Amino acid sequence: MKIALLGYGKMGKIIEKIALSRKHEIVLTIDHETLHDLTTENLQKADVVIEFTTPASVLSNIEHCFNANVPVVIGTTGWYEKLPEVKQQCIEGNKSLLWASNFSVGVNVFFYVNKLLAKVMNKYPYYEVQVEEIHHTQKMDSPSGTAITIAEGIINNTDTKNEWINVLTTDDSDDDANVAPNQLLIESLRIDSVPGTHTVIYDSEVDSIEFKHTAHNRNGFALGAVLAAEWLHDKKGFYSVEAMFDFNS
Ligand SMILES: NC(=O)C1=CN([C@@H]2O[C@H](COP(=O)(O)OP(=O)(O)OC[C@H]3O[C@@H](n4cnc5c(N)ncnc54)[C@H](OP(=O)(O)O)[C@@H]3O)[C@@H](O)[C@H]2O)C=CC1
Ligand SMILES: O=C(O)C1=N[C@H](C(=O)O)C[C@H](O)C1
């Protein structure tokens, strides 16, 4: 497949290596320096686009891909309030888009088990639940997209929580956040070069249960994005990464 990479930073560069190792060809790479190359003509040289940029640029990049009629895989986080609008544009225009807050297989297994666990824990409301995420200090958005997906998995499977709130800290201090009983706390921590750690904690007076995923590096995210591009390139429609995984069979 011919792949265009929008975003050639930490993720874009690893995605390039993995795509080449899977015998794909990179026909376009875009960062700030090469922004002038982001044209419909250049995008149309690709079978599929993989987009890992910034919350500020993702929406215009989606528009470029829709205009060029090229399927696009979106890894960028921090724009999810616009998902319904983008979904409508995609379906009405007969375009192709797949998005994920996290492309790694391990995290997608985690998402699945998180929902099952939330259903079980809903029977024991004396456990207070919270989500913790830790990422590198260059991360622009908080909470992480992954933490939002985890929180939604809990909210949709419990009676006690109906919204999440976020507290961002740069150290491990234990300041108590002001959280109403209906709110699910997402604590975001920013520490040096952490690739991404997510923990769901159920705490009671007598014990705690911790369910944790630790990314050791970014390779799992990048491989998942390439697998998503392989899956999407000949399809039409709007998909989340869940469509790619079938944990029920
Ligand atoms: N879904 C998932 O599995 C994962 C998602 N992510 C998300 O992916 C995104 C990127 O992460 P990461 O690679 O670590 O970030 P980096 O900051 O390392 O890279 C971002 C890249 O985007 C480029 N860029 C900035 N603005 C534009 C623009 N207008 N058009 C095209 N390119 C642009 C930057 O160029 P320049 O350097 O020239 O400014 C840079 O090359 C983040 O939102 C992150 O949260 C990250 C890991 C996994
Ligand atoms: O910015 C990152 O690095 C990551 N972002 C994604 C997110 O916001 O969840 C996925 C991963 O955790 C790394």
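Residues numbered from 1 in each chain as written. Chains lettered and ligands numbered in written order. Predicted model: local features only at pLDDT ≥ 70, side-chain atom pairs only at ≥ 80, totals over all residues.

*Asks:* I would appreciate a short explanation of the UniProt feature "active site" (unreviewed entry) in the protein in the present structure.
*Replies:* With numbering matched to this structure, UniProt assigns "active site" (unreviewed entry) to His135 and Lys139. With 24 C-beta atoms packed within 10 Å, His135 lands in the buried category. Looking at the secondary structure, you find Lys139 in the loop between β6 (128-135) and α6 (145-155). (UniProt positions renumbered as here; feature names shortened; annotations may be inferred. Buried ≥ 20, exposed ≤ 12 C-beta atoms within 10 Å, placed from the backbone. Helix = DSSP H or I, 4+ residues; strand = E, 2+ residues; numbered from the N terminus.)

*Asks:* I keep staring at the nonpolar core and nothing clicks. Help me out?
*Replies:* Soluble, globular proteins show a tendency: their nonpolar side chains are buried together. The biggest cluster of nonpolar side chains holds 40 residues, and the ones touching the most others in it are Ile15, Val49, Ile50, Val73 and Ala225. Contributions of two or more residues to this core are made by β1 (2-6), α1 (10-21), β3 (48-51), α3 (58-68), β4 (72-74), α4 (83-92), β5 (96-99) and α7 (219-232). The dominant element in this core, judged by the number of residues it contributes, is α7, at seven residues. The contacts of Val73, once residues within four sequence positions are left out, are Val48, Ile50, Glu51, Leu98, Ala225, Ala228, Ala229 and Leu232. (Core = buried A, V, L, I, M, F, W, Y, C linked by C-beta atoms within 7 Å. Contact = placed C-beta atoms within 7 Å.)

*Asks:* What's the story with the packing of helix α5 (residues 105-121) against α6 in this structure? I'm lost.
*Replies:* When two helices pack together, you describe them by how their axes are tilted relative to each other and by the distance separating the axes. Axis separation between α5 and α6 bottoms out at 8 Å; the angle between their running directions is 25°. Relative to α6, α5 is oriented roughly parallel. Classified by chirality, the crossing of α6 by α5 is right-handed. From α5, Val107, Phe111, Asn114, Lys115 and Ala118 reach across to α6, where they touch Thr146, Thr149, Ile150, Gly153 and Ile154. (Axes fitted to C-alpha atoms, helices over the stretch in contact; angles between N-to-C directions. Parallel < 35°, antiparallel > 145°, perpendicular 65-115°, else oblique. Left-handed = near helix turned anticlockwise from the far one by under 90°.)

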